[in-house]
Amino acid sequence: MPVRITRLLSAALIGAALSTGAIAATQSLIWRGDVVTANGIVKGMAKAWQSAGKGTIQLQPFNTASGLDAVASGAADLAGSARGSSGSATDSGLTFTPVAWDGLVLVTSPSNPVSNLTLQQVHDIYYGKITNWQQVGGNDAPMDVFAVASPGDGVEFSLRKLVFGRGSQPVAAPRLYVNTTQLEQSVMLDPRAFGVTTLSSVAGNAKIKMLRIDGVAPSVSSVASGAYPLFTQLYLVTNPNSPNAAAAKSFIDFVESPKGDAVLRAHDLVPYLGSPLIAMDAPRRSRLLAEVGAHASAEPTYAAAPAAVRPVLPVAAARVAAAPKPALNAVSGSVVSEPAISSLKGVRGDAFTEASAGSRGTDFAKVTADVYVSYARVVKSTAKVGKATESTGKKAESRKIASASKTAAPMSTYRVGAGETLYSIARKHGVEVAQIRSWNHLKDNTVRTGQVLRIAAR
C-alpha cells in the first residue's frame, strides 16, 4: 500500500510539472520596439507562433528607444532593434540576438529624376556638404533631408555607423520624425525628400523610390549576396534578469527555426544564421569607411536613469542628443511630449523645422528642430475654428487645446520670427498645427522667418 501511494504521489507531481511547463510554453509575451522589426519580423512571426500553439505575443511598435527601455525596466519581455548594443548603460544589461539581415535604403519621391548615388555622396549629404539635388544630377532644388529624431534609432544608428564610423554621429537632417513610418509618409508627399529606411519596409511601395548605391539596386538577392553594400542586422533583444527570459528565448529559437526562416523570407528579409554575410560584415565595414575617408570610433556613453524613477512606459518622441564635437557644437533641438499613458494606441508623431539660409553646411551652424507626440483624438470643428485636415485629405489626430479667451478676438495673421516653428506658433496661439496648415495651404511643416501665416479661420 505505501508503495502504491508513493507511485500515485509521484505521478501527480510529474503531471503538475508537465502542466506548469505547458502553461509556461503558452505564456503571453509583450514585445515593443522599432516599426521595422515589428513589420518585418514580429507581426508574421507572432501569428506563426500562435498557430503552432506556443502562446501569444502582444505587439507595441513605436521606436527603438522605447523598446529597449521597456525591456530594461521590465515593462516588456522582448524588444526589436535595427542595431546592436550602443554600449550605453541601458543596452549593457540586455542581450541582443541577430535574427535577420535587412537592406538600409536611401529613399526619395518617384518624381525625383535622381536614381543613383555614390557612397561618398550619401556621406556628404548627411554631413551637409551636398544640399541641392542638382549637385547629384537632379533638379535645381534644395534637399529636404529627413531623419528619425532619436540618436539611438536602429536604422539611423546603423547607417551612420557604416558611413561615419559611429552610430551617434550628428548629421545635417533638420527634419526629424519619431520613427521610420512617419518619415516614409513624409517622403511620399515631398518631391525633394531624402531619408533612410529599410528594404523590408518599402519593397513594392510604388510611392517611394529606392536609390541605387554605386549602381547596385537594393533587393533581397543583392542584399543576400552582399552586392548591395548597405545591409544591417535586425535584432531581438531580451533581459536575462526577466522572469519571462526563458519564454522569450523560446520565441527567438522559433524565429531561427525553418518555420521562422519562411516568415522572414516572406517579408523581404534574409535569415541571419547560415548567411555568408556574417563573414563578409567586418571587411565590408572597413572598406566602406575607407571609401569615404572615415574611421570607426567609440560611441559616447550616457548615464542611465535611476531604476526608481525610470518610467514604466517610456513613450517620449525622441532623444535629441549628440556627442560634443567642435564643428557641431551649435546644433540644438527640443522635444515636446505629453505625459506617459498606459497604452501606445493612438500615438502620433511629427516634426517641424524652421527653414533658413544658414541651416545647412559642414558646421550645421543653425540647425534647429522641434519634435512632439500627440496621444489624442480628432478635434471637431466649431463655429470659429475650421475643420482641420491633413494634406492627404484625412482627418488630423490632435489633442484638444484650451479655448482661447472669449473676450479678445484672435489675431488673424502672424509673422514668423527667428527660431520659431509651426508647432511653437500653434501652441502660442492655442490652435492646432493641422489647422494652420489647412488655413495656409501648406504642404509640409516648414516655415520661414518673416513668413506671414493666417492663424484663424476665415
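Attention here is on the structure that accompanies the text. (Residues numbered from 1 in each chain as written. Predicted model: local features only at pLDDT ≥ 70, side-chain atom pairs only at ≥ 80, totals over all residues. Heavy atoms only, no water.)

Take the overall build of the protein next. Scanning the protein for helices and strands turns up 14 helices and 19 strands. On the protein, roughly 20600 Å² of surface is accessible, and the fraction owed to carbon and sulfur atoms is 56%. (Helix = DSSP H or I, 4+ residues; strand = E, 2+ residues; numbered from the N terminus. Areas by Shrake-Rupley, 256 points an atom, 1.4 Å probe, with all protein chains shown as cover.)

This part covers helix α6 (residues 154–164). The buried count for α6 comes to 10 of 11 residues, which makes it a mostly enclosed element. Residues Gly-154, Val-155, Glu-156, Phe-157, Ser-158, Leu-159, Arg-160, Leu-162, Val-163 and Phe-164 constitute the buried set of α6. In this structure Asp-153 caps α6, since a side-chain oxygen of it lies 3.2 Å from the backbone nitrogen of Val-155. Once α6 finishes, Gly-165 follows within two positions and takes phi at roughly 95°, a positive value. (Buried < 20%, exposed > 50% of the residue type's maximum accessible area, 1.4 Å probe, protein only. Polar contact = N/O pair within 3.5 Å; in protein donor to acceptor, adjacent residues only side chain to side chain.)

It is the contact of helix α2 (residues 35–51) with helix α11 (residues 258–266), at a shortest axis distance of 9 Å, that shows an interaxial angle of 140°. It follows that α2 is oblique to α11 by the angle criterion. Crossing angle aside, the handedness with which α2 passes α11 is right-handed. Packed against α2, whose contacting residues are Ile-41, Gly-44, Met-45 and Ala-48, the element α11 presents Gly-260, Val-263 and Leu-264 at the interface. Taken together, the residues of the contact of α2 with α11 sort by class into 5 nonpolar, 2 polar and no charged. (Axes fitted to C-alpha atoms, helices over the stretch in contact; angles between N-to-C directions. Parallel < 35°, antiparallel > 145°, perpendicular 65-115°, else oblique. Left-handed = near helix turned anticlockwise from the far one by under 90°. Contact = heavy atoms within 4.5 Å. Nonpolar A, V, L, I, M, F, W, Y, C, P; charged D, E, K, R; others polar.)

Our focus in this paragraph is helix α12 (residues 277–292). Here α12 spans 21 Å end to end across 16 residues, near enough to the 22 Å set by a 1.5 Å rise per residue. Of all the bends in α12, the greatest measures close to 30° and is centred on Pro-283. Among the residues of α12, Leu-277, Asp-281, Arg-284, Leu-288, Leu-289 and Val-292 are the ones counted as buried. As for α12, its buried residues are in contact with β4 (95–108), α5 (119–127), α6, α9 (220–225) and β11 (231–238). (Expected span 1.5 Å × (residues − 1). Bend = angle between axes of the 7 residues up to and from the residue.)

One way to put it is that helix α13 (residues 422–429) packs onto helix α14 (residues 433–440) with a least axis distance of 9 Å and a crossing angle of 105°. The angle between α13 and α14 falls in the class roughly perpendicular. When α13 is examined against α14, the residues Leu-422, Tyr-423, Ile-425 and Ala-426 are found in contact with a partner set consisting of Val-433, Ile-436 and Arg-437.

Another point: the packing of aromatic side chains. This structure, assessed with the given rule, holds 9 aromatic pairs. When the centroid spacing of 5.5 Å and the interplanar angle of 55° are considered together, the rings of Tyr-126 and Phe-194 count as tilted. Here Phe-194 lies in strand β8 (residues 193–198) and Tyr-126 lies in helix α5, a separation of 68 residues in the sequence. The pair Tyr-126 / Phe-194 is uniform in exposure class, with both members buried. Judged by centre distance (6.1 Å) and plane angle (40°), the rings of Tyr-127 and Phe-164 are tilted. Placement of Tyr-127 in helix α5 and of Phe-164 in helix α6 is noted, with a sequence separation of 37 residues between them. Since its relative accessible area comes to 8%, Phe-164 is described here as buried. (Phe/Tyr/Trp six-rings, centres within 6.5 Å; stacked < 30°, edge-to-face > 60°.)

Keep in mind that these numbers describe shape and distance, not what the molecule does.
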